[in-house]
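For reference, the chains in residue letters:
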Amino acid sequence: MNLDNRFTSYHLDILKEIGNIGAGNAATALSKLLQRKIDMKVPSVRVVDFDEVMDIVGGADRMIVSVFLRVEGDAPGNMFFIMSPTQASRFVRYMTGDEAFDFNTPPYSELAISSVQELGNILSGSYLSSMSDFTNLDLYPSVPSIAIDMVGAILSYGLLELSQVNDYAIVIDTTFVDDVAQGEEMKGHFFLLPDPPSFETIFTSLGVPTDET
Amino acid sequence: MKHDFVVKVGIADLNIVHDPAVIRTSGLGSCIGVVIYDLRAKLGGMAHVMLPDSSLAKGEHIKLAKYADTAIPMLMELLRKEGGKTFKAKLAGGAQMFQFQSNDMMRIGPRNLEAVKKQLKDYGVPIAAEDCGGSNGRTIEFNPSNGALQIRTVNKGVTEI
């Protein structure tokens, strides 16, 4: 199966729209939860090799705070919510009121870990429910798992499934920005990496044929 | 970890270096960094192995450096071509970053490690040292002039095996 040949820019635009709807809802949920303005950038859909996946969020070596979960149901895949330690610390401080909390200085309190996990729960839930409404597919998130480590060590998990089929990934990437504090450090990413067979399912559900090239 | 010549190995990739260059791969999670070296020839090779077995491949084209059972034969061939004769190996990686029970893929670290060790045994390459398992990512750098493998983690700083 070669995705490059079968999918046109039209298909990628559809994936972009899914990212738009999903992450739009997730950003609204995040704004409500934190009672802060969260801006979302127009999503990008990238067809990239594995090293480039790491580069999107700053390279394999960089330390990040991430929530990872499996998308289960009709169109399985992987979902990541990725933040810099500085940004994640801000979110934890907003949620817990613990002004001294910092992901740059371990060990982390259980409250901090579970608040990031809950953040992942709410965001993935709202992303998937809107994607589900749009596509009429049955989609639900697994229990989220959190890791604070290097980009490469974390994101490679999201590539395992598709690496058995391809040497590249289709990443539906949405950037969100905490409005209070601008700058590169304040950017977060939402990644959706559908398993290879899921693309067919998604396009079929929307009535878009995939065999025309 | 500062050197003049650093050869970088990406995910599912491999390469070799001669002294005075060093070779590095970043962000190993469940993947294994396999280093095979010949100290006398001051020659070292590194593979960033992602999956245990090329029979898992569902695509038409197989990237040899991705799988333990194809990466190690390829690395051995390259090293022999460059004059390597007596080999040893050092390993790092194979962690379990997430605690999922539902998916077999999530326990890939130990499976990768087992597959790498089997290949090394088949080639008769002894393992001089290893730092595998756990739940943390690793960035590794190998120096073929003295056979030292430096391992950097987020929380424990730099160690050497």
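Residues numbered from 1 in each chain as written. Chains lettered and ligands numbered in written order. Predicted model: local features only at pLDDT ≥ 70, side-chain atom pairs only at ≥ 80, totals over all residues. Heavy atoms only, no water.

(A) Broad picture of the sheet that holds strand β3 (residues 22-28) of chain B. Residues and elements named next belong to chain B. Spatial ordering of the open sheet is given by β1-β3-β8-β9-β10, a layout of 5 strands whose pairing is mixed. Each edge of the open sheet carries a strand with a single partner, namely β1 (6-9) and β10 (157-160). Strand-to-strand twist of the sheet, defined as the mean angle between neighbouring strand axes without regard to direction, takes the value 20°. Of the pairings in the sheet, the one linking β3 to strand β8 (residues 138-143) comprises 4 bridges and is antiparallel in character. Counted as the bridge partner of Leu28 is Arg138 from β8. (Pairing = 2+ DSSP bridges. Helix = DSSP H or I, 4+ residues; strand = E, 2+ residues; numbered from the N terminus. Axes fitted to C-alpha atoms, helices over the stretch in contact; angles between N-to-C directions.)

(B) Spotlight on the nonpolar core. By size, the foremost hydrophobic cluster in this structure holds 48 residues, and its most contacted members are A:Val53, A:Phe80, A:Leu155, A:Leu159, A:Phe191 and B:Met50. For A:Val53, the residues in contact, after removing those within four places along its chain, are A:Val48, A:Leu155, A:Leu159, A:Ala169, A:Val171 and A:Phe191. Core analysis: the second largest hydrophobic core is formed by 43 residues, A:Ile38, A:Phe81, A:Ala88 and A:Val92 among them. (Core = buried A, V, L, I, M, F, W, Y, C linked by side-chain atoms within 4.5 Å. Buried < 20%, exposed > 50% of the residue type's maximum accessible area, 1.4 Å probe, protein only. Contact = heavy atoms within 4.5 Å.)

(C) Quick look at the sheet that holds strand β2 (residues 14-18) of chain B. Residue and element names in this part refer to chain B. In space, the 5 strands of this open sheet follow the order β2-β5-β4-β6-β7, with mixed pairing throughout. Looking at which strands have only one partner, the edges of the open sheet turn out to be β2 and β7 (127-132). Ignoring which end each strand starts from, the neighbouring axes of this sheet average 15° apart. As judged from the 7 bridges shared by strand β4 (residues 32-38) and strand β5 (residues 43-49), these two strands associate in the antiparallel manner.

(D) Summary view of the pairing of β4(B). All names here are of chain B. The buried fraction of β4 is high, at 7 of 7 residues. Burial along β4 is two-sided: Ile32, Val34, Ile36 and Asp38 facing one way and Gly33, Val35 and Tyr37 facing the other are all buried. The turn joining β4 and β5, which pair antiparallel and follow one another in sequence, is formed by 4 residues; a positive phi near 50° is taken by Lys42. As judged from the 6 bridges shared by β4 and strand β6 (residues 88-93), these two strands associate in the antiparallel manner. Bridging across to β6, Val34 finds its partner in Leu91.

(E) Quick look at the pattern of salt bridges. Residues and elements named next belong to chain B. Scanning all chains against the criterion turns up 10 salt bridges over all chains. Note that Lys81 is salt-bridged to Glu77, the shortest N-O span being 3.8 Å. Taken together, the positions of Lys81 and Glu77, both in helix α1 (residues 68-81) and 4 residues apart, correspond to about one turn of that helix. Across the pair, exposure class does not vary: Lys81 and Glu77 are exposed alike. Residue Arg138 pairs with Asp131 through a salt bridge whose shortest N-O separation is 3.2 Å. Of the residues examined, Asp131 reaches a relative accessible area of 24% and is grouped as partly exposed. (Salt bridge = Lys/Arg side-chain N within 4 Å of Asp/Glu carboxyl O.)

(F) Spotlight on the interface of chain B and chain A. In this assembly, 38 residues from chain B lie in contact with 34 residues from chain A. Summing both partners gives a buried area of about 2800 Å² for chain B against chain A, and 61% of it is carried by carbon and sulfur. If you look at where chain B meets chain A, you find 2 salt bridges. For the salt bridge of B:Lys66 with A:Asp167, the shortest nitrogen-to-oxygen distance reads 2.7 Å. With 3 residues, the top contributor of residues to the side of chain B that touches chain A is β3(B). Looking at the side of chain B that touches chain A residue by residue, the classes come out as 16 nonpolar, 16 polar and 6 charged. (Buried area = accessible area lost by both parts, 1.4 Å probe. Nonpolar A, V, L, I, M, F, W, Y, C, P; charged D, E, K, R; others polar.)

(G) Region of interest: a nonpolar patch on the surface. All names here are of chain B. A grouping of Ile62, Leu64, Met74 and Leu78 is seen on the molecular surface, where their side chains present a nonpolar patch of about 290 Å² in accessible area. In this structure, Ile62 sits in the loop between β5 and α1. Look at Ile62 and you get partly exposed, because its relative accessible area is 41%. (Patch = residues over 30% accessible without salt bridge, like charges linked within 9 Å, V, L, I, M, F, W, Y side chains within 5 Å. Areas by Shrake-Rupley, 256 points an atom, 1.4 Å probe, with all protein chains shown as cover.)

(H) Local environment of the packing of aromatic side chains. Counted by the stated rule, this structure contains 11 aromatic pairs over all chains. Where A:Tyr157 meets B:Phe98, the ring centres are 5.4 Å apart and the plane angle is 80°; that geometry is what we call edge-to-face. Of this pair, A:Tyr157 sits in helix α6 (residues 151-163) while B:Phe98 sits in the loop between β6 and α2 (108-122), placing the two residues on different chains. Classification of A:Tyr157 as buried rests on a relative accessible area of 1%. Aromatic ring contacts, followed pair by pair, group A:Phe81, A:Phe91, A:Tyr94, A:Tyr127, A:Phe176 and A:Phe190 into a single cluster. The ring centre of A:Tyr94 lies 3.8 Å from the NZ or CZ of A:Arg36, which sits over that ring. (Phe/Tyr/Trp six-rings, centres within 6.5 Å; stacked < 30°, edge-to-face > 60°. Lys NZ or Arg CZ within 6 Å of the ring centre and 35° of its normal.)

(I) A look at the UniProt feature "domain: CheC-like protein" (unreviewed entry) in chain A. All names here are of chain A. With numbering aligned to this structure, UniProt lists the feature "domain: CheC-like protein" (unreviewed entry) at residues 11-45 and 114-146. In residues 11-45, helix accounts for 69% and strand for 14%; the two terminal C-alpha atoms are 10 Å from one another. Note that residues 114-146 is 67% helix and 15% strand, and that its end C-alpha atoms are spaced 9 Å apart. (UniProt positions renumbered as here; feature names shortened; annotations may be inferred.)

(J) Spotlight on the packing of α1(B) against α2(B). Residue and element names in this part refer to chain B. Contact pair α1 / α2: the axes reach a minimum separation of 9 Å and the direction vectors enclose 40°. For the element pair α1 and α2, the recorded crossing hand is right-handed. Taken together, the residues of α2 that come into contact with α1 (itself represented by Ala68, Asp69, Ile72 and Pro73) are Ala115, Val116, Gln119 and Leu120. Residue classes in the contact of α1 with α2 are distributed as 6 nonpolar, 1 polar and 1 charged. (Left-handed = near helix turned anticlockwise from the far one by under 90°.)

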